[in-house]
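Topology and contacts: notes
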Number of protein chains: 2
Amino acid sequence: MTKAVVLLSGGLDSATALAWASKEQGWECYTIAFDYGQRHRIELKASEEIAKAFASKQHQVIAVDLQAIGGSSLTSDMDVPKDQAETTAIPSTYVPARNLIFLSLASAFAETVGANKLVIGANVVDYSGYPDCRPEFLDSFARTVALGTKAGVQGADFEVVAPLLTLNKSDIIKLGLSLGVDYAMTRSCYDPKDDGTPCGHCDSCHFRNQGFAELGRTDPLLSRSK
Amino acid sequence: MTKAVVLLSGGLDSATALAWASKEQGWECYTIAFDYGQRHRIELKASEEIAKAFASKQHQVIAVDLQAIGGSSLTSDMDVPKDQAETTAIPSTYVPARNLIFLSLASAFAETVGANKLVIGANVVDYSGYPDCRPEFLDSFARTVALGTKAGVQGADFEVVAPLLTLNKSDIIKLGLSLGVDYAMTRSCYDPKDDGTPCGHCDSCHFRNQGFAELGRTDPLLSRSK
């Protein structure tokens, strides 16, 4: 049976990616989340809930201190930008080399459980200029893992799979709904309020709200929060 | 001025790599060490001491929980192998994707401080079959970083430099001595005794002892420990 490690942040995209790997591909899924000093720590709880809902074989939370590195409004003392005009610049929410670090940790986990696929909810539409969501990067990473791990050297095939890469947010939500994702479980906000409800104004809230609006739906998380 | 991030484990190789980058190349060096649940935690203290000795601009220790991933005798409950016959097999001290993870974290640090070189003391002679010390891996990693980071996308040149890659242990020691490395500061043992002295029997001790023996020298660490 094909085994996959799914990067499960607890957000809308990663939940959909897990549903796709598990239900549509029928892969045996292992899930990994990262406790990296993010402001939006509520996503870690969401991640655990979603892992259970899709019968993750093993859900692993790895602590990695990206706060010590700094350089991003998601982990440091900078403010998260709100109600930004659209821009192609790399925003302050970019965490230096975050996907590189997360994929590296996921590939170690994959090696340990014998998985040869890494599934990531990366997306070129809403990545807002994050360079580590680009397909060139993901392919180059897969080649690097094949060269640098025991499994790869022993001939294992290795692939980074990004099923949502070119979908827009409403297509992602449509896909997830068709696969039984309960989006009330997922968290996207970069800067949630103290009670855990989304701020409604960061880039991530904007993309999410827009996605549901395009489908003529209300985000079930908003009803849950009320 | 060229800025470099040097991966400084506190071992003999990384200390020599730092000396090379700092003294021989004249680069402004930032150092990074990893608290990853290793048995040989004494190397973290060594790392700090060596960073100071070579005037590291900033020494950063990053906590990353590789123990949660498991799969290696260096972090889990397996025994560290002692007095092994030479073999080309990948040993149990191999930590899945360790250099990949460490280089990824170092590249985030590099991006934050504006460095475009990563210096690693990787070595093909004593890597004992660790796939993530191979030059193909290191080159592929550098390409991946260039594709996946803000600095890379903005055109920064990016290089992983492994100055010790093809040197044997005695050549490394000779190089380090010529650059003023005090090897009494460095720690190599995978499984030190409770008082911090080296076990003398793991692969790492064997390589180190052999290196000093070939130069007709005594390891200054052994005099320090007495």
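Scroll up to find the structure this text is about.
First things first, this report covers the structure right here in the doc.

Parameters at a glance
- Residues numbered from 1 in each chain as written.
- Chains lettered and ligands numbered in written order.
- Predicted model: local features only at pLDDT ≥ 70, side-chain atom pairs only at ≥ 80, totals over all residues.
- Heavy atoms only, no water.
- Salt bridge = Lys/Arg side-chain N within 4 Å of Asp/Glu carboxyl O.
- Helix = DSSP H or I, 4+ residues; strand = E, 2+ residues; numbered from the N terminus.
- Buried < 20%, exposed > 50% of the residue type's maximum accessible area, 1.4 Å probe, protein only.
- Expected span 1.5 Å × (residues − 1).
- Pairing = 2+ DSSP bridges.
- Least-squares fit on C-alpha atoms with pLDDT ≥ 70 in both.

**What to know about the pattern of salt bridges**
All names here are of chain B. All told, the structure shown has 10 salt bridges over all chains when counted by the stated rule. Across the pair Lys169 and Asp13 runs a salt bridge, and its minimum N-O distance is 3.0 Å. Here Lys169, found in helix 6 (residues 169-178), pairs with Asp13, found in helix 1 (residues 12-24); they are 156 residues apart in sequence, far enough to count as distant. With a relative accessible area of 15%, Asp13 lands in the buried category. Across the pair Glu136 and Arg134 runs a salt bridge, and its minimum N-O distance is 3.5 Å. On the basis of relative accessibility, which here comes to 37%, the residue Glu136 falls in the partly exposed class. A relative accessible area of 19% places Arg134 in the buried class.

**Looking at helix 7 (residues 203-214) of chain B**
All names here are of chain B. For helix 7, which comprises 12 residues, the first-to-last C-alpha distance of 16 Å matches the rise-based estimate of 16 Å (1.5 Å per residue) to within 8%. Every buried residue of helix 7 is accounted for by Asp203, Ser204, Cys205, Arg208, Gly211 and Phe212. Directly beyond the C-terminal end of helix 7, a positive phi value near 65° is found at Gly216.

**What to know about the pairing of strand 1 (residues 3-7) of chain B**
All names here are of chain B. Of all five residues making up strand 1, four are buried, and the element is well covered by its neighbours. Two strands pair when backbone bridges link them, and strand 1 and strand 2 (residues 28-35) are joined in this way by five bridges, in the parallel orientation. Following the sheet pairing, Val5 is matched in strand 2 by Tyr30. Of the strand pairs in this sheet, strand 1 and strand 4 (residues 117-119) are connected by three bridges, and their pairing is parallel. Bridged to Val6 within strand 4 is Val119.

**Thoughts on the relation of the copies chain B and chain A**
Turning chain B through 180° and shifting it by 0.0 Å along the axis lays it on chain A, with an RMSD of 0.0 Å. Taken together, these values place the two copies in the relation of a two-fold axis. Within chain B, the C-alpha atom positioned nearest to the axis of rotation is that of B:Val64, 2.1 Å from it.

These figures come from the coordinates and say nothing about function on their own.
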